[in-house]
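Per-entry structural report
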Amino acid sequence: MNDYLLYSSIAFVLSTVFSMGGTGSGIALIPVLNFFGIEFIVAKATGLFAGASTTITSSIMNIKRKVLDFSFIWPIALMMLIFAPIGAYSSQFINESLVKSLFILLLFYSATMMIFGKKKSLTHTKGKAILFIVGAFVGFLAGLLGVGGGNILMPLLILLGFDSKKVAVTVSSVVPFAALSSFLTYASYVKLDWILLICVMLASIAGGYIGNYLMHFKLDQAKTKKLMGAILYILAIKMLYKMLF
């Protein structure tokens with residue numbers, strides 16, 4: 001019981017902080033749960049479940065509000081929904097040290113984008129072909145690493161020259177469904193603790209609500225993202241240290 005309280009508290013704090021920066025906490029929750037003794041693959045499934053549960057409502061609201069450009073979103077959504085489960089299924093056959101190494105790279109990448117990244121494109125890409133490629137790549141990698149994929153997808157699309165507002169709506173609408181499909185794939189072959197899942201989910205929802213309130217009414221988002229980036233750098237360094245020593 002004490003363990004569930006600990007994990008719920010961790011999920012609540014991380015969800016509050018990361019929601020203040022307008023993103024999900026799964027990328028931080030996974031390594032932290034692993035540090036506290038949860039098997040890495042179980043931590044990935046737990047992070048996906050919490051992330052999908054807390055963000056799927058906003059996706060449905062975006063659809064109802066008709067703010068989505070479906071001509072832009074459907075190639076990405078289709079490929080992520082296909083390739084995220086493939087990445088999640090492949091995770092059981094790939095050496096865990098390699099997966100952790102990729103996860104560490106993702107932490108460093110995400111932290112750097114949060115602290116130093118600028119919303120400027122490197123090129124201006126047109127056509128749907130690149131959207132299919134991006135969706136497949138991000139979907140597979142997100143499923144493999146057990147994350148929703150927003151931290152990969154958003155900066156990548158912006159660097160390719162797509163409109164940042166359109167990208168933000170697309171990411172918030174697609175990622176929760178891709179995360180849910182990845183979670184269901186993990187659930188098909190990983191022995192999960194459903195009490196842990198529910199505790200973390202409820203704590204994440206509560207933290208997400210509070211974080212959203214603070215984001216809109218109280219705090220400087222730029223400073224919050226720097227705090228989030230610092231947290232991810234610390235987690236990346238700790239993971240790397242544990243792998244090497």
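Residues numbered from 1 in each chain as written. Predicted model: local features only at pLDDT ≥ 70, side-chain atom pairs only at ≥ 80, totals over all residues. Heavy atoms only, no water.

- Looking up the protein chain in an unreviewed UniProt entry gives the name Probable membrane transporter protein, with the organism given as Sulfurovum lithotrophicum.
- For the record of the protein chain, the UniProt heading Sequence similarities (unreviewed entry) holds the text "Belongs to the 4-toluene sulfonate uptake permease (TSUP) (TC 2.A.102) family." (UniProt positions renumbered as here; feature names shortened; annotations may be inferred.)

Examining the overall build of the protein chain
- A count of helices and strands for the protein chain gives 10 helices and 0 strands.
- Its helices and strands in sequence order give the protein chain the pattern α-α-α-α-α-α-α-α-α-α, from N to C terminus.
- The C-alpha atoms of the protein chain give a radius of gyration of 17 Å, which matches the 18 Å a tight globule of 245 residues would have.
- Principal axes of the C-alpha set define a box for the protein chain whose edges measure 50 × 45 × 35 Å.
- Taken across its 245 residues, the protein chain has 47% of its residues classed as buried.
- Of note, the protein chain has its 19 positive side-chain charges centred 11 Å away from the centre of its 7 negative side-chain charges. (Helix = DSSP H or I, 4+ residues; strand = E, 2+ residues; numbered from the N terminus. Rg over C-alpha atoms; globule rule 2.2 N^0.38 Å. Buried < 20%, exposed > 50% of the residue type's maximum accessible area, 1.4 Å probe, protein only. Lys, Arg positive; Asp, Glu negative; His and termini not counted. Charge placed at Lys NZ, Arg CZ, Asp CG, Glu CD.)

Notes on the pattern of salt bridges
- The full count for this structure, using the stated rule, is 1 salt bridge.
- Here Lys 100 and Glu 96 are joined by a salt bridge, their closest N and O atoms 3.6 Å apart. Linking Lys 100 with Glu 96, this pair stays in helix 5 (residues 96–116), spanning 4 residues, or about one helical turn.
- On the basis of relative accessible area, Lys 100 is assigned to the buried category, the value being 18%. (Salt bridge = Lys/Arg side-chain N within 4 Å of Asp/Glu carboxyl O.)

Quick look at the nonpolar core
- Grouped together as the largest cluster of nonpolar side chains are 72 residues, with contacts concentrated most on Phe 18, Leu 29, Phe 103, Leu 107, Leu 153, Leu 157 and Leu 232.
- Per element, the largest residue contribution to this core is 9 residues, and it comes from helix 3 (residues 40–64).
- Beyond its immediate stretch of four places on either side in the chain, Leu 29 contacts Ile 10, Ala 11, Leu 14, Gly 47, Ala 50 and Val 200. (Core = buried A, V, L, I, M, F, W, Y, C linked by side-chain atoms within 4.5 Å. Contact = heavy atoms within 4.5 Å.)

With respect to the side chain of Ser 90
- Relative to the elements of secondary structure, Ser 90 occurs in helix 4 (residues 70–90).
- Look at Ser 90 and you get buried, because its relative accessible area is 18%.
- Sequence-distant contacts of Ser 90, defined by excluding residues within four places in its chain, comprise Phe 140 and Leu 144.

Things to note about the packing of aromatic side chains
- Overall, the coordinates contain 11 aromatic pairs when judged by the stated rule.
- Judged by centre distance (5.8 Å) and plane angle (85 degrees), the rings of Phe 40 and Phe 103 are edge-to-face. In this pair, Phe 40 sits in helix 3 while Phe 103 sits in helix 5, placing the two residues 63 residues apart along the sequence.
- Three or more aromatic residues joined by ring pairs form one cluster here, namely Tyr 89, Phe 93, Tyr 186 and Tyr 189.
- A cation over a ring is seen here: Lys 100 above Phe 40, with NZ or CZ 5.3 Å from the ring centre. (Phe/Tyr/Trp six-rings, centres within 6.5 Å; stacked < 30°, edge-to-face > 60°. Lys NZ or Arg CZ within 6 Å of the ring centre and 35° of its normal.)

Considering helix 2 (residues 26–35)
- Taken across its 10 residues, helix 2 has 9 buried, putting it largely inside the fold.
- Every buried residue belonging to helix 2 is among Gly 26, Ile 27, Ala 28, Leu 29, Ile 30, Pro 31, Val 32, Leu 33 and Asn 34, and all of these are buried.
- One or two positions beyond helix 2, positive phi appears at Gly 37, with a value near 105 degrees.

Focus: the UniProt feature "transmembrane region" (unreviewed entry) in the protein chain
- The residues that UniProt annotates with the feature "transmembrane region" (unreviewed entry) are residues 6–33, 40–60, 72–91, 98–117, 129–160, 167–188, 194–215 and 227–244.
- Taken as a whole, residues 98–117 contains 95% helix and 0% strand, while its terminal C-alpha atoms sit 26 Å from one another.
- Along residues 167–188 the backbone is 95% helical and 0% strand, and the end-to-end C-alpha distance reaches 31 Å.

A look at the confidence of the model for the protein chain
- Looking at the protein chain as a whole, its pLDDT mean stands at 88, while 91% of the residues score no less than 70.
- When pLDDT is averaged over each helix and strand of the protein chain, the minimum, 82, is found for helix 3 and the maximum, 95, for helix 6 (residues 129–145). (pLDDT = per-residue confidence, 0-100.)

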